[in-house]
Amino acid sequence: MAAQEIENGTTWGKELWDQFDNLATHTQKGIDFFERFGNFIRDRSAIEVEYALKLRRLVKNYQPKKSKEDEENEFSSLIAFKNVLKEVADLAGQREVVAENLQNQVLQGIMLLAKILREERKKALNQGAGLTQSLHTQIGTLDRAKRSYEKAFREAEKAIESYHKADADFHLSRADVEKQRVNMNIRNSQSEDAKSEYANQLQITNKQQQQHYQIALPEVFNKLQELDEKRTRGMKEFIKRAADVEYEVSPIIARCLEGMVKAADSINEKDDSMIVIEKYQSGFQPPGDIPFEDLSKPDPDAANNSQTHNSSTGLNHMTGKGTTKDKLKKRVGIFGIFTGNKKILEAYIHVKNNLTTDGLKEDFSDLPPTQRRKKLTAKVQELQQKVAQEQAASDGLMKMKGVYEANSMLGDPRTVEEQLNESVNRLDRLRHELLRYQKLLEQANNQTFIQHSPQSNRVIQNGQRSSRHSNGSSNHENSHDDNGEDHPDDAGSLSRSASESSVQQAQNGLNINNNGSSASPESGLGTSHTSLPGSGQGSTNEQPMNEEYYEADAPLGTCRALYPFDATSEGSIPMSEGEELQVIEVDQGDGWTRVRRFSSKGWEEGFVPTSYIECTLYA
């Protein structure tokens, strides 16, 4: 293009032959502007880096925390959000690519070109300044030659005039006239020489000036034009290159945006609702209708309870919680045999070792039925996988041992035997644990009785709470302690419901088959319980005693045995793991709880370690 313009005559050298200073200023401003464009690219690259950094920090700050439970049941909205975060992280990576390419492909090119342009401009301006200085020098020489010529010409004219005057003056001698003639000739000769020098310098100056304005200076201006056009073309190319950097990552950015849209389309509100059901479903049935209770009709159970309460208040030898002084003494005697703190510590360690990593019990008995079955199923699958892996490892060790026995050069079989024994032991433990959880899962799946939610066991009567007993009748009573404070009965746990069911079954069995057995001798309580109150069994002398006993020792709640316990001392009773018992007296700070249970011998009472049971006290 520059060559074509030169051919067409549209060049700076021809059109702007007298604008040397303006062209020098223009090219300087052009290069400064070009460098400013480079600064723009640099700052934009820094913004891209900062933007990518902030995007990554944003992704990190909003990254959902990982949990085992969420991994098992992840909502589609959560999965979609995680995918969106991944796409945003990819966008951050593309912004980093843009920043890197802007620096390497655009900014460095701009800085390099600006440096070249400055050097070429400096060289061209120096050359132009040299040519201009040379022309000015020649013009100065011409001016001096002209002034010399003018001076010699005036002196020659004066000499001629003086000669003519002397020649016309008859008073002057011939010698004076000759002297004026000689002076005239000398001045004329000097004038001619000055004229010749002036003509010569004028010719040289005109030639140099023509060369300067037609050839030398136009070349300099054309160089300035060429470098300015180079700067302009560079500006054009680098702007396009900066856009190309964006174009190169735009397909990836488009895929990131498509991924976000795809993640949004993957959200399914119905599936999330089902996950909520699977996650929180307890398996309990909703509470049934609350029956209407006619207060105008007499309540025989309330009369019996009142009679029993009146009879129990006459037993002044009983304590406020139904514990006699003799029982308290026997309770104190227990701790002369056992070291309470040591037992508590051992029980605590035992409890801690039987908890899972998420704080749940090993058999997940503290979970609702549905959640428990889910946890047990997952545990069985996990153990099956571990058994398969350990079985494969054991089979590999067996093969290796066989190979070593067949060829002793390959290795010593005894080195594998120890590892094989450890693998077999681990496999046995895993199989035993798998069998245990399979039984727990089978028991959980075989539960056919209807399980009600804890709220279904509570009814309201006259503004007070009472409990619905397991035998199907509602024994409404105002639970007052000796101080007159209300203690409403609260059947708030599944273990208590199961305990009451077992008590009901035991009561039914006792009404039919009990022939008057006494409590276990090991309990040391010395109280004979031949029948339940109101059962109609036993002698007439024992019936009031039983009513007094059960009113004085009314259960404070239920408990479930977490671990088996062997009674080895007077006053304690044994229990098996998972057994349901009634709480008669809570722990007084010594680590023991008094409980009651029904066995083949009848009702038994005694003490068990508090850390070995899980209590559910009535409200």
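The preceding data block contains the structure.
A brief look at the structure comes next.

1. Re the overall build of the protein chain
The number of helices and strands found in the protein chain is 14 helices and seven strands. Across the 619 residues in the protein chain, those meeting the buried criterion constitute 35%. Long-range pairs, those at least 24 residues apart, make up 71% of the contacts in the protein chain between residues at least 6 apart in sequence. Total accessible area computed for the protein chain in this model is approximately 37600 Å², and 52% of it derives from carbon and sulfur atoms.

2. Some remarks on the pairing of strand β4 (residues 580-585)
When you tally the buried positions in β4, you get six out of six residues, the bulk of the element. In this antiparallel pair of consecutive strands, β4 and strand β5 (residues 592-599), the connection spans six residues, and Gly589 shows a positive phi of 100°.

3. Description of the packing of aromatic side chains
Under the criterion given, the structure shown has ten aromatic pairs. Summarising the aromatic geometry, the rings of Phe565 and Trp592 are spaced 6.2 Å apart at their centres and angled 65° between planes, so their arrangement reads as edge-to-face. A residue pair is termed long-range when its members are at least 10 positions apart, and Phe565 in the loop between β3 (557-561) and β4 and Trp592 in strand β5 qualify at 27 residues. Here Phe565 matches Trp592 in class, with each residue buried. Each residue in the set Tyr563, Phe565, Trp592 and Tyr612 is aromatic and connected to the rest through ring pairs, giving one cluster.

4. With respect to the nonpolar core
Residues Ile41, Phe221 and Leu224 are the most contacted members of the largest nonpolar core, which totals 39 residues. Listing elements by their share of this core, those giving two or more residues are α3 (20-61), α5 (76-168) and α6 (174-265). Counting residues per element, this core draws most heavily on α5, at 15 residues. Once residues lying within four places of it in the same chain are set aside, the contact partners of Ile41 are Leu102, Val106, Leu107, Ile110 and Ala242.

5. Considering the sheet that holds β5
Spatially, five strands are ordered β6-β5-β4-β3-β7 in an open sheet, and the strand pairing comes out antiparallel. If you trace the sheet from one side to the other, it starts and ends with β6 (602-609) and β7 (613-617), each paired once. Across the sheet, the mean angle from the axis of one strand to that of its neighbour is 35°, orientation sign disregarded. One ladder, built from eight bridges, connects β5 with β6; its direction is antiparallel. When the sheet's bridge partners are listed, Trp592 is paired in β6 with Pro609.

6. Notes on the pattern of salt bridges
For the structure shown, the criterion picks out 23 salt bridges. Across the salt bridge formed by Glu605 and Arg594, the nearest N and O atoms sit 2.8 Å from each other. Residue Glu605 is found in strand β6, and its partner Arg594 is found in strand β5; the two are separated by eleven residues along the sequence. A residue is classified by how much of its surface remains accessible, and Glu605, at 1% relative accessible area, is buried. Residue class for Arg594 comes out buried when judged on its relative accessible area of 0%.

Cut-offs used in this document
- Residues numbered from 1 in each chain as written.
- Predicted model: local features only at pLDDT ≥ 70, side-chain atom pairs only at ≥ 80, totals over all residues.
- Heavy atoms only, no water.
- Helix = DSSP H or I, 4+ residues; strand = E, 2+ residues; numbered from the N terminus.
- Buried < 20%, exposed > 50% of the residue type's maximum accessible area, 1.4 Å probe, protein only.
- Contact = heavy atoms within 4.5 Å.
- Areas by Shrake-Rupley, 256 points an atom, 1.4 Å probe, with all protein chains shown as cover.
- Pairing = 2+ DSSP bridges.
- Phe/Tyr/Trp six-rings, centres within 6.5 Å; stacked < 30°, edge-to-face > 60°.
- Core = buried A, V, L, I, M, F, W, Y, C linked by side-chain atoms within 4.5 Å.
- Axes fitted to C-alpha atoms, helices over the stretch in contact; angles between N-to-C directions.
- Salt bridge = Lys/Arg side-chain N within 4 Å of Asp/Glu carboxyl O.

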